[in-house]
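Secondary and tertiary structure notes
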Amino acid sequence: MQKYVVAAAVIAAIAIGFYFFVLRDTFDPNSVRDKRVLVTGASTGIGEQLAYQYSKFGARLILTARREKVLQEVAVKCRHLGAAQVEIVPADMANASERETVIEETLKRLKGVDYVVLNHVISYPGFWLGNDKNLTDLQKLFEVNFVAYVHLASKLMESLDESGGSLAIVSSVAGNVAMPKFASYSSSKFALQGFFSALRQELIIRQKNASVTICVLGLIDTESAMVATKEHTPKMDVSLAAPAADAALAIIKAVTAKVNIMYFPLAAYLGVMGHKFFPTLIDYIVRGLI
Ligand code: NDP
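Residues numbered from 1 in each chain as written. Predicted model: local features only at pLDDT ≥ 70, side-chain atom pairs only at ≥ 80, totals over all residues. Heavy atoms only, no water.

Applying the stated rule across the entire model yields six aromatic pairs. Ring centres of Phe-182 and Tyr-185 lie 6.3 Å apart, and the angle between their planes is 70 degrees; on these two criteria the pair is classed as edge-to-face. Exposure class is identical for Phe-182 and Tyr-185. Each is buried. Consider the rings of Phe-195 and Phe-196, whose centres lie 5.0 Å apart with planes at 70 degrees: the pair is edge-to-face. Grouping aromatic residues by their ring pairs yields a cluster made of Phe-142, Phe-146, Phe-195 and Phe-196. Here Lys-77 stacks its cationic end above the ring of Tyr-52, 4.5 Å away from the centre of that ring. Across the ring face of Phe-127, the terminal group of Lys-181 is positioned such that the distance to the ring centre comes to 4.9 Å. (Phe/Tyr/Trp six-rings, centres within 6.5 Å; stacked < 30°, edge-to-face > 60°. Buried < 20%, exposed > 50% of the residue type's maximum accessible area, 1.4 Å probe, protein only. Lys NZ or Arg CZ within 6 Å of the ring centre and 35° of its normal.)

Another point: the site of the ligand. Contacts to the ligand come from 30 residues, most closely from Arg-66, Arg-67, Tyr-185, Thr-222 and Ser-224. Between the ligand and Ile-220 there is a distance of 2.8 Å, counted from an oxygen atom to a backbone nitrogen or oxygen. In isolation the ligand has 890 Å² of accessible area, and contact with the protein removes 93% of it. Of all elements in the fold, only helix H2 (45-56), helix H5 (132-163), strand E5 (166-172), helix H6 (183-205) and helix H7 (223-232) reach the threshold of two or more residues within the shell around the ligand. Ranked by residues supplied to the shell around the ligand, first place goes to E5 with three residues. (Near = heavy atom within 4 Å. Polar contact = N/O pair within 3.5 Å; in protein donor to acceptor, adjacent residues only side chain to side chain. Areas by Shrake-Rupley, 256 points an atom, 1.4 Å probe, with all protein chains shown as cover. Helix = DSSP H or I, 4+ residues; strand = E, 2+ residues; numbered from the N terminus.)

Grouped together as the largest cluster of nonpolar side chains are 40 residues, with contacts concentrated most on Leu-50, Tyr-54, Leu-61, Leu-63, Cys-78 and Ile-251. Among the elements that make up this core, the one with the highest residue count is helix H8 (residues 244-256) (eight residues). One finds Leu-118, Ile-122, Leu-152 and Ala-153 within the second-largest nonpolar core, a separate group that totals 34 residues. (Core = buried A, V, L, I, M, F, W, Y, C linked by side-chain atoms within 4.5 Å.)

At a minimum axis distance of 5 Å, the contact between helix H9 (residues 266-277) and helix H10 (residues 279-287) shows a crossing angle of 130 degrees. As the angle between them shows, H9 and H10 are arranged oblique. In this structure, H9 contributes Gly-271, Gly-274, His-275, Lys-276 and Phe-277 to the contact, and H10 contributes Pro-279, Ile-282 and Asp-283. For the contact of H9 with H10, the per-class residue count stands at three nonpolar, three polar and two charged. (Axes fitted to C-alpha atoms, helices over the stretch in contact; angles between N-to-C directions. Parallel < 35°, antiparallel > 145°, perpendicular 65-115°, else oblique. Contact = heavy atoms within 4.5 Å. Nonpolar A, V, L, I, M, F, W, Y, C, P; charged D, E, K, R; others polar.)

Moving on: the state of the cysteines. Summed over the entire model, instances satisfying the criterion amount to zero disulfides. Here Cys-78 is not cross-linked by a disulfide; its sulfur's nearest cysteine counterpart is in Cys-215, at 19 Å. (Disulfide = S-S within 2.5 Å.)

Of the two faces of strand E4 (residues 115-118), the one carrying Tyr-115 and Val-117 and the one carrying Val-116 and Leu-118 are both buried. The sheet contact formed by strand E1 (residues 36-40) and E4 spans three bridges and is parallel. For Val-39, the partnering residue across the bridge sits in E4 and is Val-117. As paired elements, E4 and E5 share four bridges and run parallel to each other. Looking at the pairing, Leu-118 lines up with Ile-169 of E5. (Pairing = 2+ DSSP bridges.)

Our next topic: the pairing of E5. The element E5 is extensively covered by neighbouring structure, given that seven of its seven residues are classed as buried. On the question of chirality, the crossover connecting E4 to the parallel E5 by way of H5 is right-handed. Sheet topology note: the E5/strand E6 (residues 211-217) ladder contains seven bridges and is parallel. Note on E6: the bridge partner recorded for Ile-169 is Ile-214. The β-α-β motif built from E5, the intervening H6 and the parallel element E6 has right-handed crossover chirality. (Right-handed = clockwise from strand over helix to strand, strands pointing away.)

Turning our attention to the environment of Lys-181. Its location among the elements puts Lys-181 in the loop between E5 and H6. Among the residues examined, Lys-181 registers a relative accessible area of 15% and is labelled buried. A C-alpha to C-alpha distance of 5.5 Å links Lys-181 and Pro-125, two positions 56 residues apart in sequence. Contact partners of Lys-181, with chain neighbours within four places excluded, come to Pro-125, Gly-126, Phe-127, Glu-231, His-232 and Ile-290.

On to a nonpolar patch on the surface, then. A cluster of nonpolar side chains, contributed by Phe-277, Phe-278, Leu-281, Tyr-284 and Ile-285, occupies part of the molecular surface with about 610 Å² of accessible area. Tallying contributions element by element places H10 first for the nonpolar patch, with three residues. With respect to the element layout, Phe-277 can be found in helix H9. (Patch = residues over 30% accessible without salt bridge, like charges linked within 9 Å, V, L, I, M, F, W, Y side chains within 5 Å. Salt bridge = Lys/Arg side-chain N within 4 Å of Asp/Glu carboxyl O.)

All right, on to the sheet that holds E6 then. An order of E3-E2-E1-E4-E5-E6-E7 is seen for the seven strands of this open sheet, with the pairing classed as parallel. Since the sheet does not close on itself, it has two edges, and those belong to strand E3 (85-88) and strand E7 (261-264), each with one partner. Each strand axis lies, on average, 15 degrees off the axis of its neighbour in the sheet, ignoring direction. Taken strand by strand, helix H3 (residues 68-81) contacts strand E2 (60-64) and E3, and its axis lies near 180 degrees from that of E3. Against the sheet, H9 engages E6 and E7, with an angle of about 115 degrees to E7.

Below you can see the structure in the form of structure tokens.
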């Protein structure tokens, strides 16, 4: 009898811990009001939704991506939604001097920064054939998906440290579980998680105020993801994709709470943890999606 009581107590403790540390929503929208935020990849998809969600909370925003006209349309909507300030800085993240412009304009126009959400992405899905095109694309992809993240984070770190702010790195299940037909994309996300997990450790050792949140996303219903999924992983059920607006809100909550790593949706967490414990099984399931 006694052992059943102990088992019940342990299960109850785990359930209470899970509720308090994982499920409980402590987000206060007012904590984002007037905060200075840079969002990259803000013209479409999750970045666009991040801009709208931050606007609803009255944040001050710098939005960047390559397409100026689309950014202007996003900015107009942000103002209607209640953003305290919205500025656009069109830039190609493949170009180091354009990245410098984003950094300078962010610090100049917002006079510092509280949150930096690095979200932009390119992907060249398809089998890795090892040809010249694969190799050329890989260089560009790493410049945009990895080097640009490190560049922006490095130059904005001093301001984040002054404000006690946070850096959000938008990653993927593919940065934890290798995805066939997405080898270059998947490896750039592994690289991001490795670099920024090490950087987080260094910030703690050096007693800095800035924090790093890695956001591990599963399938989200953005147009580019839906197109790539249908073409390259046709057995994946796209109806399971989570809404981009919900993903954006989950990112904002996680970065505001300064959590080290967040997973969205729950399936992302189950996929990553499943792979840790049953790698052969999960790899088999992943191959079945092609
Ligand atoms: P989208 O393709 O919808 O948006 C990508 C954004 O990046 C666009 O705003 C695009 O704007 C910008 N961008 C692309 N290339 C460049 C460049 N060279 N310079 C500057 N900006 C660029 O992506 P998602 O919204 O689907 O994904 C957002 C993030 O979420 C990514 O980091 C992705 O890896 C991650 N993620 C998404 C998942 C999903 O299922 N959607 C799943 C897991 C992770 P423009 O073309 O105007 O430059």
